[in-house]
Amino acid sequence: HIPRNQSKTSSSLLAPQRAMSQANLALGGELHSARRNMTAKAQTAGHQQSHTNAPENPGRHRVLRVDVTLSPRDPNAPGQFGRPVVVPPGKKEEADRRWKEGNFNVYLSDLIPVDRAIEDTRPAGCAEQLVHNDLPTTSIIMCFVDEVWSALLRSVHSVLNRSPPHLIKEILLVDDFSTKDYLKGNLDKYMSQFPKVRILRLKERHGLIRARLAGAQNATGDVLTFLDSHVECNVGWLEPLLERVYLNRKKVACPVIEVINDKDMSYMTVDNFQRGVFTWPMNFGWRTIPPDVVARNGIKETDVIRCPVMAGGLFSIDKSYFYELGTYDPGLDVWGGENMELSFKVWMCGGEIEIIPCSRVGHIFRNDNPYSFPKDRMKTVERNLVRVAEVWLDEYKELFYGHGDHLIDQGLDVGNLTQQRELRKKLKCKSFKWYLDNVFPDLKAPVVRASGVLVNVALGKCVSIENTTATLEDCDGSSQLQQFNYSWVRLIKHGEQCMAPVTDQGSLRLQPCDNRDSKLKWLHKSTSGFRPELVDHIVFENYQQLLCMEGNFSQKTLKMATCNPMEPYQKWKFEKYYEG
Ligand code: UD2
Ligand code: MN
């Protein structure tokens, strides 16, 4: 009996916050007509591109408005201008049936134009921003496995139609051993009309991480720009990304990821001021910068947002810098965790991760991966995360293990980590503590769960150590002998030693610590979860013995006894508890 938290590592990316999601969904709603008005304006602007050089700013120009879809082939086509689409009544069954091909509305994706126009959702001021005339070129790398035909095509068209051609060195489509026939001959044929598109076919399933590396190896541009294969790049998306990399090659630039609705295929904008963050055990998420912080610091909608971590799929990085960093850990499999790895690596080894509000790309967020995993999906993601934790998190990895304590008990074979650890040393990267202090100060990350004296609630006496044996004494907060830490992986530590039951005698004593030894693990249970200040009953139950720690008043000792929630001598409390 090892209490296993339900696995908390997630295996699909959640969409960022959308304040207007409801309004957006409401057909004919106010927002909808506002959108139509905007689009009409955009349409009159026609093909006009602002090549205007700013005379007062030599060497720079206004972001190019490259968008040949401003006057689309068929303005009335379904989904045009990013409008929501409704499945016709007679087609519901077909649409339902086809959903699983991509875990989104594939029927509608096929219905709407592959080169549809979308609303220019950039904040005011973006169109007027200046970028350098001599921006570096980029290779677009798009990996896919069994991607939906129309979604893949729309991704490619959006890059071709909305990027200044001279900046796109090539578009590399990396086929990660897809099984679908249409992704073979048909795709070659279709893409042959675009000289810049190259298809790279992998001979076996690499997973997206190693597929991206294969793409990088074949890229000839100065900057690598990674994209998922179900995106729509918005107007002016590319130059602001490349500008950041141009200004500092150690900046990794991410667009704002907007939402292509999986049900109606509408293009929806997202709230401003969202940072990429994570919560334990390393789940990626978005966190909005509180309005008072925005106000106090005078943060503008167009201001770049520094992010503790990136979502993973969409970013530009200087190619030589990517290699300097040792790329991704090639030991990461299939999907997941690589965004954490690259983010920690970038920040801790001298770079920065930014979201650029003037660059916006839509992405179809799905509830589940539509492709199969070669091995168990959850285990794959967890294994990747363990690799990341072991290389980058230092002492904080206990928080990761503690929030998903199945992770450490599973005895996952995570492979060899020597190279990754060597790399970290070679690059002289900073500590995770530095990262927390400087990049992600709002992450709750106390290194232990609880600390201080350990009091028996009924007796008012404290655990003390006498020659490695645990006894009960009058409490003395200043005595080293009474100091304990309760670690995230549930060890009761006294310095470097750990509390363990003595099997024959039922007493307790210190032993060398071992994070994986279930005999050393104590479940600090209470009737109201882990909120000691609210608790009426807290026991330490040993993982292995299923017995509880009990104070023995007459002998001033501790013993192991059958757990009994009514037994006052089994109630214990630490001096301090920490939120994490
Ligand atoms: C997010 C990222 C994704 C990746 C992932 C974590 C965004 C928008 N998306 O999940 O890029 O960082 O988190 O790993 O930030 N693919 C392959 N081979 C595989 C599996 C996937 O080529 O074995 C392709 C897939 O077709 C897609 C891309 O990799 O184009 C990302 O996969 P996803 O869309 O399933 O990931 P997503 O968006 O849920
Ligand atoms: Mn995706």
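Residues numbered from 1 in each chain as written. Chains lettered and ligands numbered in written order. Predicted model: local features only at pLDDT ≥ 70, side-chain atom pairs only at ≥ 80, totals over all residues. Heavy atoms only, no water.

- Under an unreviewed UniProt entry, the protein has the name Polypeptide N-acetylgalactosaminyltransferase and belongs to Peromyscus maniculatus bairdii.
- Database annotation for the protein, UniProt heading Subcellular location (unreviewed entry): "Golgi apparatus membrane".
- The protein has a UniProt comment under Subunit (unreviewed entry) that states "Interacts with EXT2. Does not interact with EXT1, EXTL1 or EXTL3." (UniProt positions renumbered as here; feature names shortened; annotations may be inferred.)

## Here's the deal with the coordination of the manganese ion (ligand 2)
In a perfect tetrahedron of four donors around a metal, the angles come out at 109.5 degrees. In a perfect octahedron of six, they are 90 or 180 degrees.
Logical step 1: With distances of 2.2 Å, the protein atoms coordinating the manganese ion (ligand 2) are Asp 228 (OD), His 230 (NE2) and His 363 (NE2).
Logical step 2: Mapped onto the sequence, the donors of the manganese ion (ligand 2) take the spacing D-x1-H-x132-H. Accessibility classification places Asp 228 together with His 230 in one group, the buried group. (Donors = N, O, S within 2.8 Å, 3.2 Å for Na, K, Ca; no water. Buried < 20%, exposed > 50% of the residue type's maximum accessible area, 1.4 Å probe, protein only.)

## Focus: the packing of helix α12 (residues 377–392) against helix α15 (residues 418–426)
Logical step 1: Interaxial distance between α12 and α15 falls to 9 Å at its minimum, and their mutual angle equals 40 degrees. With respect to each other, α12 and α15 are oriented oblique. The hand of the α12/α15 crossing is right-handed. From α12, Arg 387, Glu 390, Val 391 and Trp 392 reach across to α15, where they touch Gln 420, Arg 421 and Arg 424.
Logical step 2: Looking at side-chain class alone, the contact of α12 with α15 contains 2 nonpolar, 1 polar and 4 charged residues. (Axes fitted to C-alpha atoms, helices over the stretch in contact; angles between N-to-C directions. Helix = DSSP H or I, 4+ residues; strand = E, 2+ residues; numbered from the N terminus. Parallel < 35°, antiparallel > 145°, perpendicular 65-115°, else oblique. Left-handed = near helix turned anticlockwise from the far one by under 90°. Contact = heavy atoms within 4.5 Å. Nonpolar A, V, L, I, M, F, W, Y, C, P; charged D, E, K, R; others polar.)

## A few points about the confidence of the model for the protein
Logical step 1: For the protein, mean pLDDT is 90; residues scoring 70 or higher make up 89% of the total.
Logical step 2: Considering only residues more than four positions removed or in separate chains, one finds that residues 1–7, a stretch of pLDDT under 50, has 19 contacts.
Logical step 3: Below a pLDDT of 50 lies the segment residues 20–50, which in the model reaches 42 contacts outside its immediate sequence neighbourhood of four places, other chains included.
Logical step 4: Interface confidence in the predicted complex, given as ipTM, is 0.99; pTM for the same model is 0.91. (pLDDT = per-residue confidence, 0-100.)

## Thoughts on the site of ligand 1
Logical step 1: Every one of the 23 residues lining ligand 1 counts as a neighbour, but Asp 176, Ser 229, Gly 336, Glu 338 and Tyr 371 are closest to it.
Logical step 2: Note that an oxygen atom of ligand 1 is positioned 2.8 Å from one of the side-chain N or O atoms of Arg 205.
Logical step 3: Measuring from an oxygen atom of ligand 1, one finds a side-chain N or O atom of Asp 228 at 2.8 Å.
Logical step 4: Listing elements by their share of the shell around ligand 1, those giving two or more residues are β3 (138–144) and α7 (207–218).
Logical step 5: Per-element accounting of the shell around ligand 1 gives the leading share, 3 residues, to α7. (Near = heavy atom within 4 Å. Polar contact = N/O pair within 3.5 Å; in protein donor to acceptor, adjacent residues only side chain to side chain.)

## Describing unusual backbone geometry
Logical step 1: Trp 280 connects to Pro 281 through a cis peptide bond whose omega is 0 degrees.
Logical step 2: With a phi close to 60 degrees, Val 334 is a non-glycine residue in the positive phi region.
Logical step 3: Relative to the elements of secondary structure, Val 334 occurs in the loop between α10 (319–324) and α11 (338–348).
Logical step 4: In this structure, Lys 556 takes a positive phi of about 55 degrees despite not being glycine.
Logical step 5: Positionally, Lys 556 belongs in the loop between β24 (547–552) and β25 (557–562).
Logical step 6: Its relative accessible area of 42% is what places Lys 556 among the partly exposed residues.

## Thoughts on the packing of aromatic side chains
Logical step 1: Inspection of the entire model under this criterion finds 22 aromatic pairs.
Logical step 2: A ring pair is formed by Trp 149 and Tyr 182, whose centres lie 6.2 Å apart and whose planes are at 80 degrees; its orientation type is edge-to-face. Here Trp 149, found in helix α5 (residues 149–162), pairs with Tyr 182, found in the loop between β4 (168–175) and α6 (185–191); they are 33 residues apart in sequence, far enough to count as distant.
Logical step 3: Judged by its relative accessible area of 25%, Tyr 182 falls in the partly exposed class.
Logical step 4: Taking 6.0 Å as the distance between ring centres and 90 degrees as the angle between the ring planes, the aromatic pair formed by Phe 540 and Phe 574 counts as edge-to-face. Of the two residues, Phe 540 sits in strand β23 (residues 538–542) while Phe 574 sits in strand β26 (residues 572–577), which places them 34 residues apart along the sequence. By the burial criterion, Phe 540 is buried, and Phe 574 matches it.
Logical step 5: Pairwise contacts between aromatic rings join Phe 278, Trp 280, Phe 344, Tyr 396, Phe 432, Tyr 435 and Phe 440 into one cluster.
Logical step 6: Directly above the aromatic system of Trp 434 lies the positively charged group of Lys 430, at a separation of 4.4 Å from the ring centroid. (Phe/Tyr/Trp six-rings, centres within 6.5 Å; stacked < 30°, edge-to-face > 60°. Lys NZ or Arg CZ within 6 Å of the ring centre and 35° of its normal.)

## Here's the deal with the pattern of salt bridges
Logical step 1: Per the stated rule, a full pass over the model turns up 39 salt bridges.
Logical step 2: With a shortest N-O distance of 3.2 Å, Lys 251 and Glu 352 are connected by a salt bridge. In this pair, Lys 251 sits in strand β8 (residues 251–260) while Glu 352 sits in strand β14 (residues 352–364), placing the two residues 101 residues apart along the sequence. The pair Lys 251 / Glu 352 is uniform in exposure class, with both members buried.
Logical step 3: A salt bridge links Arg 387 to Asp 329, with the shortest nitrogen-to-oxygen separation between them at 2.7 Å. (Salt bridge = Lys/Arg side-chain N within 4 Å of Asp/Glu carboxyl O.)

## Here we look at the state of the cysteines
Logical step 1: Per the stated rule, a full pass over the model turns up 5 disulfides.
Logical step 2: The disulfide that involves Cys 548 links it to Cys 563, with 2.0 Å between the sulfurs. Around the S-S axis, the bridge from Cys 548 to Cys 563 shows a dihedral of about 95 degrees and counts as right-handed. Residue Cys 548 is found in strand β24, and its partner Cys 563 is found in the loop between β25 and β26; the two are separated by 15 residues along the sequence.
Logical step 3: Of the residues examined, Cys 563 reaches a relative accessible area of 28% and is grouped as partly exposed. (Disulfide = S-S within 2.5 Å.)

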